[in-house]
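Read off the chains here:
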Amino acid sequence: MKNIFYIILSLLLSVVLLGGVYKMTQPQTSDSTPNISQSESITDKNEEDDSQNDSTGNEDSGAPDSSEDGSEDSSGAEEGDNAEDTALKNPVNVASYIADGLTMVSGASIYLGEEEYGPAIRFTCSVSAEVKEEVDNDANKELAFLIAPVEFFDEVNVNNYTYMDWVTALDNAGKAMIYSVLEEDNFYANGDNYMARFRLQNVMYKNMNREFVCMMVLATKTSGGTTYKYSAYPTGVTYRSNARSVAYVAAAALNAN
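Residues numbered from 1 in each chain as written. Predicted model: local features only at pLDDT ≥ 70, side-chain atom pairs only at ≥ 80, totals over all residues. Heavy atoms only, no water.

Enquirer: Just to check I follow, could you spell out the pairing of strand β1 (residues 98-104) for this structure?
Expert: Looking down a regular strand, the side chains alternate between one sheet face and the other. Across two bridges, the pairing between β1 and strand β9 (residues 225-232) is parallel. Looking across to β9, one finds that Ile 98 is bridged to Tyr 230. Across three bridges, β1 lies against strand β3 (residues 120-127) in antiparallel orientation. Looking at the pairing, Leu 102 lines up with Val 127 of β3. (Pairing = 2+ DSSP bridges. Helix = DSSP H or I, 4+ residues; strand = E, 2+ residues; numbered from the N terminus.)

Enquirer: Could you clarify how one ought to interpret the side chain of Ser 231 in this entry?
Expert: In this structure, Ser 231 sits in strand β9. Exposure remark for Ser 231: the relative accessible area of 0% places this residue in the buried category. (Buried < 20%, exposed > 50% of the residue type's maximum accessible area, 1.4 Å probe, protein only.)

Enquirer: Looking at this structure, how should I read helix α4 (residues 129-136)?
Expert: Think of an α-helix as 3.6 residues a turn; residues three or four steps apart then line up on the same face. Residues of α4 that are buried: Val 131, Lys 132 and Val 135. Projected onto a plane normal to the axis of α4, the buried residues spread over an arc of 100° and lie on a single side. Exposed side of α4, more than 90 degrees from the buried face: Glu 130 and Glu 133 are the residues found there. Looking at the packing, one finds that the buried side of α4 touches β1, β3, β4 (141-149), β6 (187-190), β7 (193-200) and β8 (212-222). (Arc of directions from axis to C-beta. Contact = heavy atoms within 4.5 Å.)

Enquirer: Mind showing me how you'd approach the packing of aromatic side chains here?
Expert: Working definition: an aromatic ring pair is given by the centre-to-centre distance plus the angle between the planes. Applying the stated rule across the entire model yields five aromatic pairs. On the basis of an interplanar angle of 35° and a centroid distance of 5.7 Å, the ring pair of Phe 153 and Tyr 239 is categorised as tilted. In this pair, Phe 153 sits in helix α5 (residues 150-156) while Tyr 239 sits in the loop between β9 and α7 (246-256), placing the two residues 86 residues apart along the sequence. Accessibility classification places Phe 153 together with Tyr 239 in one group, the buried group. On the numbers, 6.3 Å between centres and 80° between planes, the contact of Tyr 179 with Tyr 228 is edge-to-face. Separated by 49 residues along the polypeptide, Tyr 179 in strand β5 (residues 178-181) and Tyr 228 in strand β9 bring together distant segments of the chain. A relative accessible area of 28% means that Tyr 179 is categorised as partly exposed. A relative accessible area of 17% places Tyr 228 in the buried class. Through a chain of ring-to-ring contacts, three or more aromatic side chains come together here, namely Phe 153, Trp 166 and Tyr 239. The ring of Phe 187 is capped by Lys 132, whose NZ or CZ atom sits 4.9 Å from the centre of that ring. Note that Lys 175 overlies the ring of Phe 152, its terminal NZ or CZ placed 5.1 Å from the centroid. (Phe/Tyr/Trp six-rings, centres within 6.5 Å; stacked < 30°, edge-to-face > 60°. Lys NZ or Arg CZ within 6 Å of the ring centre and 35° of its normal.)

Rendered as structure tokens:
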């Protein structure tokens, strides 16, 4: 009886040992799981890095890798380049937007005026007698001052032109501007010609340091609509260099005294 017991125990131990040897020879699935998790965490990190690169603009990630999509992207770039080349090869005729007989005076002056209006910037334009007479005798023509922040002019001036159709461009872009038709009291005689003055007043305090561009406009009404021409600037002066703020003009006036 005791021998039978030892025989059964020996058989059980043999089974256990054989099972252990078999287990050791099989793939360790429990050890492979951490490797998969680690691989996933690296992928997430890479995707996070790509996301950060997208937000900072350091890399152009997220674009499709297929050659078909890549060719579409490159063709889009070529179309943009061609459009830019076309604009450069066919520049606007800036001379067509310059009005003979109108020239802005460089800079501006501070105008204290009535207390209710607060400080104002006064811009001045030289007007030839011929242009003044032409406007006075033609109901379809008018002289006006156009004024807007310098950044508005830059935003619509994508081709960096010196002159263009500012009224139309600003209007199409929905940019706020002042277009003020001049009355007779805006003019004063200057020898054989005239000077026209325009004041930008009621400037809000938050805009005291904001630079504004002012130019005179010769508008002509036709059956097809209204066309605009603009005052020139003295040699070496552009609309950008002639932009002025209330704070700048006021400080210059104080320093001059």
